[in-house]
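# Examining the three-dimensional arrangement
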Amino acid sequence: MLTDNHNRIISYLRVSVTDRCNFRCVYCMPADGIELSPKSHLLTFEEIARVAGVGASLGLLKIRLTGGEPTVRRDLPQLVRMLSAIPGIREIAMTTNASRLQELAQPLKDAGLHRVNISLDTLRRERARDIARRDFFDAVQHGIEAAIRVGLTPLKFNAVVMRGVNDDELPDLVRFAHGRGAAMRFIEYMPMGAARFDGRNQTVTQSEMLERLRPHFDLERATSGSGNAENDPARGWVCRRSGARVGFITSMSEHFCDTCNRMRLTAEGELRPCLHQNAGVDVRGVLRDGGDDCDIAAAFRQAASLKWAGHRLTDVIPLFSVREMVSIGG
Ligand code: SF4
């Protein structure tokens, strides 16, 4: 079992398969993107599967594929197939902007992908173009339909809520998700990297969002049986009338670090104990210097031992990740 110095069990690995993305979301990266890593610096599928395999032997149960945008990495179904073959891994999920799911949903499902979370910040074309700085509105809608059609479910939608940008769309987004049998999760904006200097990145808290939703939905806290895993970062609510499910990821107003079970593997092969902590262990070096599984396991344990109690984003003197969200994988 992999535990950190705060007695939290690490059972969930978020694997960034690329630092590339076909979007340029204002809360995730600067307008002109980031300096991309040379392809040779990115872990190969074999290397990712090797690290995940050792992680599984240490008790990892769940893998989430992230990016950048994971679907821009070529032959992604091949990696899913390799990860599906690892004993002990119970769930393989992916977070995506859905723009490439129309062509990839079926091959990913066939390869063993269980389900997806889809980033959906708005239902308005112009606004989508402003937030993502690209126009993939139709492709995203087709991707959503494909995910439902092939059964990459239970489906969850994630929206980063920014004051004065999309915080007037909360009821519409809940209805959109509910109409597709999915939960809608609202993420409190978390300041990271250079993107935090973009004036649009203003946090809207759970309590403010609830205020906006209550006139439309008769919300009550979801009970433990509502399908939210114990370590699920989302605080679940459900509408008594319609059954619509809403979640809030409250990193800023009510953090959930005490029950954090996550570790991240970046595309360049760094094991990062926390999204916001400027710390990590270079496991790519271990792999490419001929390290064995014991050496990889040692890297996991070292990363776990580095993990702090929780983020420092709301401290009097806050600490921010110097890296952009896109290069860590959210
Ligand atoms: S901020 Fe860090 S410690 Fe807190 S929940 Fe996120 S990854 Fe875990």
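Quick look at the structure, then.

Along the chain, the regular secondary structure elements total nine helices and 12 strands. In terms of overall dimensions, the chain is globule-like: its C-alpha atoms have a radius of gyration of 19 Å, near the 20 Å expected for 330 residues. Seen along its three principal axes, the alpha-carbon backbone of the chain occupies a region of about 60 × 45 × 45 Å. Once local pairs closer than 6 in sequence are excluded, the contacts in the chain between residues at least 24 apart make up 74%. Total accessible area on the chain stands at roughly 13700 Å², and carbon and sulfur atoms take up 50% of it. Charged side chains of the chain number 45 positive and 40 negative; the gap between the two group centres comes to 2 Å.

Here the structure, examined in full by the defined rule, presents 22 salt bridges. Here R175 ties to D172 by a salt bridge, and the two come within 3.2 Å at their closest N and O atoms. Taken as a pair, R175 and D172 lie in helix 6 (residues 170-178) at a separation of three residues, close to a single helical turn. The partly exposed category is assigned to D172, whose relative accessible area is 34%. For D315, the salt bridge identified is with R312, shortest N-O distance 2.5 Å.

With that settled, consider the site of the ligand. Every residue lining the ligand is accounted for by F256, C257, C260, R262, R264, C274, L275, H276, K307 and H311. Residues belonging to the shell around the ligand are distributed by class as follows: five nonpolar, two polar and three charged.

This part is about unusual backbone geometry. Following G67, the chain continues to G68 via a peptide bond in cis, the omega torsion being 10 degrees. Within the secondary structure, G68 is located in the loop between strand 2 (62-66) and helix 2 (76-84). Positive phi, close to 60 degrees, is recorded for N7, a residue that is not glycine. Relative to the helices and strands, N7 resides in the segment before strand 1 (12-16). With phi around 60 degrees, D75 is a residue other than glycine that occupies positive phi space.

Quick look at the sheet that holds strand 6 (residues 183-188) now. Ordered by their spatial adjacency, 12 strands build an open sheet running 7-8-9-6-5-4-3-2-1-10-11-12, and the pairing between neighbours is mixed. Unpaired on one side and paired on the other, strand 7 (219-221) and strand 12 (281-282) mark the two borders of the sheet. Alignment of strand 2 against strand 3 (residues 91-96), held across four bridges, turns out to be parallel. Among the inter-strand pairings, K62 is bridged to a residue of strand 3, identified as E91.

Further remarks concern the pairing of strand 5 (residues 156-161). Most of strand 5 is tucked away: six of the six residues are buried. Alternating residues of strand 5 divide into K156, N158 and V160 and F157, A159 and V161, and every residue in both groups is buried. In this sheet, strand 5 lies alongside strand 4 (residues 115-119) in parallel orientation, the contact comprising three bridges. Counted as the bridge partner of N117 is K156 from strand 5. Relative to strand 6, strand 5 is paired through six bridges, and the arrangement is parallel. Looking at strand 6, one finds that V160 is bridged to I187. Regarding the hand of the β-α-β motif, the stretch spanning strand 5, helix 6 and strand 6 is right-handed.

In this model helix 1 (residues 45-57) runs 18 Å from its N-terminal to its C-terminal C-alpha over 13 residues, within 8% of the 18 Å that 1.5 Å per residue would give. Of the residues making up helix 1, those classed as buried are F45, E47, I48, A49, V51, A52, V54, G55 and A56. Tucked inside the fold, the buried residues of helix 1 contact strand 1, strand 2, helix 2, strand 10 (262-265), helix 8 (283-288) and helix 9 (293-306). Just beyond helix 1, the residue with positive phi is G59, at close to 110 degrees.

Turning next to helix 9. Helical geometry note: an α-helix holds 3.6 residues per turn, so side chains three or four residues apart project in the same direction. For helix 9, which comprises 14 residues, the first-to-last C-alpha distance of 20 Å matches the rise-based estimate of 20 Å (1.5 Å per residue) to within 8%. Along helix 9, the residues that are buried comprise I296, A297, A299, F300, A303 and A304. Buried residues of helix 9, seen end-on, are gathered within an arc of 155 degrees and therefore sit on one face of the element. Lining the buried residues of helix 9 we find strand 1, helix 1, strand 10, strand 11 (270-272), strand 12 and helix 8.

With their axes 9 Å apart at the nearest point, helix 1 and helix 9 run at an angle of 75 degrees to one another. The orientation of helix 1 with respect to helix 9, classified from their angle, is roughly perpendicular. In this structure, helix 1 contributes R50, V51, V54 and G55 to the contact, and helix 9 contributes D293, I296, A297 and F300. Residue classes in the contact of helix 1 with helix 9 are distributed as five nonpolar, one polar and two charged.

Thresholds applied
- Residues numbered from 1 in each chain as written.
- Predicted model: local features only at pLDDT ≥ 70, side-chain atom pairs only at ≥ 80, totals over all residues.
- Heavy atoms only, no water.
- Helix = DSSP H or I, 4+ residues; strand = E, 2+ residues; numbered from the N terminus.
- Rg over C-alpha atoms; globule rule 2.2 N^0.38 Å.
- Contact = heavy atoms within 4.5 Å.
- Areas by Shrake-Rupley, 256 points an atom, 1.4 Å probe, with all protein chains shown as cover.
- Lys, Arg positive; Asp, Glu negative; His and termini not counted.
- Charge placed at Lys NZ, Arg CZ, Asp CG, Glu CD.
- Salt bridge = Lys/Arg side-chain N within 4 Å of Asp/Glu carboxyl O.
- Buried < 20%, exposed > 50% of the residue type's maximum accessible area, 1.4 Å probe, protein only.
- Near = heavy atom within 4 Å.
- Nonpolar A, V, L, I, M, F, W, Y, C, P; charged D, E, K, R; others polar.
- Pairing = 2+ DSSP bridges.
- Right-handed = clockwise from strand over helix to strand, strands pointing away.
- Expected span 1.5 Å × (residues − 1).
- Arc of directions from axis to C-beta.
- Axes fitted to C-alpha atoms, helices over the stretch in contact; angles between N-to-C directions.
- Parallel < 35°, antiparallel > 145°, perpendicular 65-115°, else oblique.

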